[in-house]
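# Secondary and tertiary structure notes
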Amino acid sequence: MGGLDPGHPAQLDELLDAVAAVNPNADSAAIVRAYEFSARMHAEQKRRSGEPYVTHPLSVALIIAKLKLDTASVITGLLHDVVEDTAASLQEVAALFGDEVATLVDGATKVSRLSFQSRQEKQAENFRKMIIAMTRDIRVVLIKLADRLHNMRTLSHLPPEQQREVARETLEIYAAIAHRLGIYWLKSELEDIAFRYLNPPAYDALEAMVAKTRVARKEYVEAVVELLKRRLAESGLEAEITGRPKSFYSIHCKMREEGLSFDEVYDAIAFRVIVGTLRECYEVLGLVHASWKPVPGRFKDYVALPKVNGYQSLHTTVIGPGGQRMEVQIRTREMHRVAEEGIAAHWNYKEGFAGGLEDAQRFAWLRRLLEWQQNLNDPQEFLSTLKDDLFPEQVFVFTPKGDVLDFPRGATAIDFAYRIHSEVGHHLYGARINSRLVPLRYALKSGDRVEVITSERAGPNRDWLNYVVTARAKNKIRQWLRAREAERSVKLGLSLLDRELEPLGLSAGQLRAGHRFAAALKEFSYKDVDALLASVGYGVITAAQVLAKVLGPEELARYRAAKRPAPVRHAGREGRSAAEQAVTVSGVDGVLVRFAGCCSPVAGDEITGFITRGRGVTIHQAGCPVGLLAEPARRVPVVWRETAEVLRPVKLEVVCLDQPGLLAAITNPIAAAGVNISHAEVKPLGADGRAQLFLEIRVAGARQLNELMGRIAATQGVMRVERLGLANGRRLRSRR
């Protein structure tokens, strides 16, 4: 498809050739028009590398062509940033290139709302939009993956901190989506690039080791391939055999998870045998096992039990020539096509793209994503749940009827129950695995036959959240707990109001029947009386505040006369608690404030507040594991006051050499700073000459704490200084 206008770049020629190779009937003129429109709209823009911006959409379109998508997708790749980054409108795109392209461009465009409270909220909303769009048309996520891949290939031009941020997001979400879609070449490249930026020393060391052994490994691969071909030919089997090194990231994960050195990762090379029929797959497996001893527990039959993304192959690890372990993957040509192309293997250009999930039942996880994202409003919870649901490792279990269900590794009988139906989960009482009663926290294993026992009197409890791993189960349990908590809070609110109204001979029920809560609803911005009563039960507002808006002048005078006098807690700064003097609670006035003992925040820490029933607002560190378990509906924005100076207890762990005089050397800078040590404890750490020192000190803020930790870390003989949380001794932050 050469012979373009000499003003067009060679990259466009390459794109048209790539599209024509897959779809000779593609509308090349429309692709050229899309390029020209994109180049015109991005004309004044440059990338961080200094290149014209249009090189990015051109590269994205090339990746889309490699994914074997249709013309509309390629055009969308060329236009995917015009609405977001230029003056072009979605209506203009629709008028020039049609509604189908406009819909895809809209799905691939980030949300433009500017009123986000945090970067995390913006990130969550972008992913939420992508999920909704991809469940309507899978091409959206493929275009987003192509966009992310090219951005990763050019990541070197961003600042280091931004490189790590993008790489982490890519590894946790985009690579996982590529895995779910079965596009393994794309997944591996995303993982390797992310690994390079997240852990440069490990990446460089691994790259050097692979380069050092490249010649020897190449010779080994050639010898094994030749040997396999000869043995298959002797059995009358024709096959295509290749050997390839595994990706850097997969080798790194194997070394880390199994505690191996590089030299011990013998199956860093995977041999692939591609045959014509399903029967031949098992014949080759038998021949491989007859030739070399299989490693126990390393055989996986993804043919009989395909992965959730449709991947099929036989995997086995054997002790190959020279006593080295090697992995052998055996599959048919059709299985190989699906493994290489993922969802694109199901594409049919003649019929066009049908769209929704009905044509790709194997990707049922998309429906699950759509289902639970609609009920998650908290950005942190949403992103955490998204990552959990994209976790790639699965186990396969059987229902009592013999149906096979897939679950993430670590899933429990509770996850199984909620997968069957929400009501089954809500009334789960017990479980039988392979006809044997087991605890509900039992982790399912592949091949288990699972039967659940229900009871009308049973119901979820908060501990279940510690055992479940699927997004659906977590979401449904939290919904149930919130509903029950709301019911209890409404009852408590009624009780508190009734107690206040008793001297007047009135009740909350009478006020409700007389529609007398209208003024309070308007004042405190609640949609109905139950929400108002629940807020009283939660402790957001007091019964006295409600009655001040509800009672008439005479009733209010009698109420105040009957009420026992009490000191005014918030009359002035001197009357406030230490927490209230240090922290401002946004949008909630006249409420008690207290610090959580689990993470013991100090001034300067990132903090978040949670409404605690009957105890006002509790302040946690932003990353506190106990705080993260609290319901997002109870979260309120909190900030330190500029003049916040309140002494708070903090626990430190110091690992040091066990030598005379070191305790005094460590405590001297603390005493010199005028900081009180309320507790100290020393423990020897075995025969290696190290000791562990636990200190509890009281500091005025994070700056003072950091200075002290720096001085302690600089003391000769000190190896590590860490701040501990007070809940379960969990480390919340590590500094040196």
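None of the values given here were measured: they were computed from a predicted structure.

### Here's the deal with the confidence of the model for the protein chain
Counting all residues, the mean pLDDT for the protein chain is 77, and 78% of those residues have values of 70 or more. Per-element confidence in the protein chain ranges from a low mean pLDDT of 38 for strand 22 (residues 731-735) to a high of 92 for helix 15 (residues 278-291). The low-confidence segment residues 1-6, where pLDDT is below 50, has 12 contacts with residues more than four positions distant or belonging to other chains. Within the model, pLDDT remains below 50 along residues 565-575, and this stretch shows 12 contacts once partners closer than five positions in the same chain are excluded.

### Some words on the sheet that holds strand 10 (residues 436-438)
The antiparallel open sheet is built from three strands, whose spatial order is 10-9-11. Each having just a single partner strand, strand 10 and strand 11 (450-454) make up the two edges of the open sheet. Direction aside, the axes of adjacent strands within the sheet are offset by 35 degrees on average. By the bridge criterion, five bridges tie strand 9 (residues 428-433) to strand 11 in an arrangement that is antiparallel. Within the sheet, the bridge partner assigned to Ala431 lies in strand 11 and is Val452.

### Some details on the sheet that holds strand 15 (residues 616-621)
The sheet built from four strands is open, its strands ordered 13-15-14-16 with mixed pairing. For this open sheet the edge positions go to strand 13 (593-595) and strand 16 (635-636), each flanked by a neighbour on one side alone. Examined bridge by bridge, strand 13 and strand 15 share three bridges and lie parallel to one another. By the bridge assignment, Val593 is partnered in strand 15 with Val617.

### Examining the environment of Arg516
Counting through the fold element by element, Arg516 comes out in the loop between helix 22 (508-513) and helix 23 (518-524). The spatial distance from the C-alpha of Arg516 to the C-alpha of Leu551 is 8.2 Å, given a sequence separation of 35 residues. Filtering out sequence-adjacent residues up to four positions away, Arg516 remains in contact with Leu511, Val550, Leu551, Gly552 and Glu555.

### Observations concerning the pairing of strand 18 (residues 648-657)
Counting buried positions along strand 18 gives eight out of 10 residues, so the element sits mostly inside the fold. As defined by bridge partners, strand 18 adjoins strand 21 (residues 718-724) across six bridges and the pair is classed as antiparallel. Residue pairing in the sheet places Cys656 in a bridge with Val718 of strand 21.

### Considering the pattern of salt bridges
A full pass over the atoms with the stated rule returns 12 salt bridges. Between Arg279 and Glu283 there is a salt bridge; the shortest N-O distance is 2.0 Å. Of this pair, Arg279 and Glu283 both sit in helix 15, four residues apart, which is roughly one turn of that helix. Assessed through its relative accessible area of 54%, Arg279 is described here as exposed.

### Notes on unusual backbone geometry
A positive phi angle, near 65 degrees, is found at Lys68, a position not held by glycine. Within the secondary structure, Lys68 sits in the loop between helix 3 (55-66) and helix 4 (71-79). Even without glycine at this site, Ser435 takes up a positive phi of about 70 degrees.

About the thresholds
- Residues numbered from 1 in each chain as written.
- Predicted model: local features only at pLDDT ≥ 70, side-chain atom pairs only at ≥ 80, totals over all residues.
- Heavy atoms only, no water.
- pLDDT = per-residue confidence, 0-100.
- Helix = DSSP H or I, 4+ residues; strand = E, 2+ residues; numbered from the N terminus.
- Contact = heavy atoms within 4.5 Å.
- Pairing = 2+ DSSP bridges.
- Axes fitted to C-alpha atoms, helices over the stretch in contact; angles between N-to-C directions.
- Buried < 20%, exposed > 50% of the residue type's maximum accessible area, 1.4 Å probe, protein only.
- Salt bridge = Lys/Arg side-chain N within 4 Å of Asp/Glu carboxyl O.

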